Amino acid sequence: MNSQEILTQAKYKLPIINVVVTDMTYGFIKYAQLEAFKDEFGVYIQYADWAKSSEGLVAISFKASNKEELDYAFAES
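The rules behind these values
Residues numbered from 1 in each chain as written. Predicted model: local features only at pLDDT ≥ 70, side-chain atom pairs only at ≥ 80, totals over all residues. Heavy atoms only, no water. Salt bridge = Lys/Arg side-chain N within 4 Å of Asp/Glu carboxyl O. Helix = DSSP H or I, 4+ residues; strand = E, 2+ residues; numbered from the N terminus. Buried < 20%, exposed > 50% of the residue type's maximum accessible area, 1.4 Å probe, protein only. Patch = residues over 30% accessible without salt bridge, like charges linked within 9 Å, V, L, I, M, F, W, Y side chains within 5 Å. Areas by Shrake-Rupley, 256 points an atom, 1.4 Å probe, with all protein chains shown as cover. 1 Å grid on protein atoms, 1.4 Å probe; cavity = no way out; pocket = protein on both sides within 12 Å on 5 of 7 lines; lining within 4 Å. Points joined across faces, edges and corners; volume = space filled by probe spheres on them. Nonpolar A, V, L, I, M, F, W, Y, C, P; charged D, E, K, R; others polar. Polar contact = N/O pair within 3.5 Å; in protein donor to acceptor, adjacent residues only side chain to side chain. Contact = heavy atoms within 4.5 Å.

1. Brief notes about the pattern of salt bridges
Part 1: Tallying each qualifying case throughout the model produces three salt bridges.
Part 2: Of the charged contacts in the structure, one is a salt bridge between Lys 52 and Glu 55, with a shortest N-O distance of 3.8 Å. Taken as a pair, Lys 52 and Glu 55 lie in helix α3 (residues 50-56) at a separation of three residues, close to a single helical turn.
Part 3: Accessibility expressed as a relative area gives 41% for Glu 55, which makes it partly exposed.

Written out as structure tokens, the structure reads:
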């Protein structure tokens, strides 16, 4: 998924729920580096508030760190 898809979903008020899960790494790049070089470099990212990012794209967003917050986000969506 990329930002343009979120913009399109918001613009046309499409009934789509996107769930973002992060492990704070560039996972595909990390995997490729480990496969090619048996080592990794520069793949860990600092904290990013993806809910705030989607708000900037005019999408309704929620942030959930536990099951109760996730249940609430789905109920409100």
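2. Some words on a nonpolar patch on the surface
Part 1: A contiguous nonpolar surface patch, about 480 Å² in accessible area, is contributed by Ile 17, Val 19, Val 21, Leu 70 and Phe 74.
Part 2: Inspection of the secondary structure assignment puts Leu 70 in helix α4 (residues 67-76).

3. Regarding the layout of surface pockets
Part 1: Taken as a whole, the largest pocket encloses approximately 1,500 Å³ of empty space.
Part 2: For the largest pocket, the lining is made up of 44 residues, of which Asn 18, Val 19, Val 20, Trp 50 and Ser 54 are closest to its centre.
Part 3: Secondary-structure elements contributing two or more residues to the lining of the largest pocket are α1 (3-11), α2 (27-37), α3 and α4.
Part 4: A per-class count over the lining of the largest pocket returns 28 nonpolar, twelve polar and four charged.

4. Remarks on the side chain of Thr 25
Part 1: Along the polypeptide, Thr 25 turns up in the loop between α1 and α2.
Part 2: Residue classification places Thr 25 among the buried positions, given a relative accessible area of 12%.
Part 3: Here the side chain of Thr 25 touches Asp 23 through a polar contact of 2.8 Å, side chain to side chain.
Part 4: If sequence neighbours within four positions are ignored, Thr 25 has contacts with Lys 30, Val 43, Tyr 44 and Ile 45.

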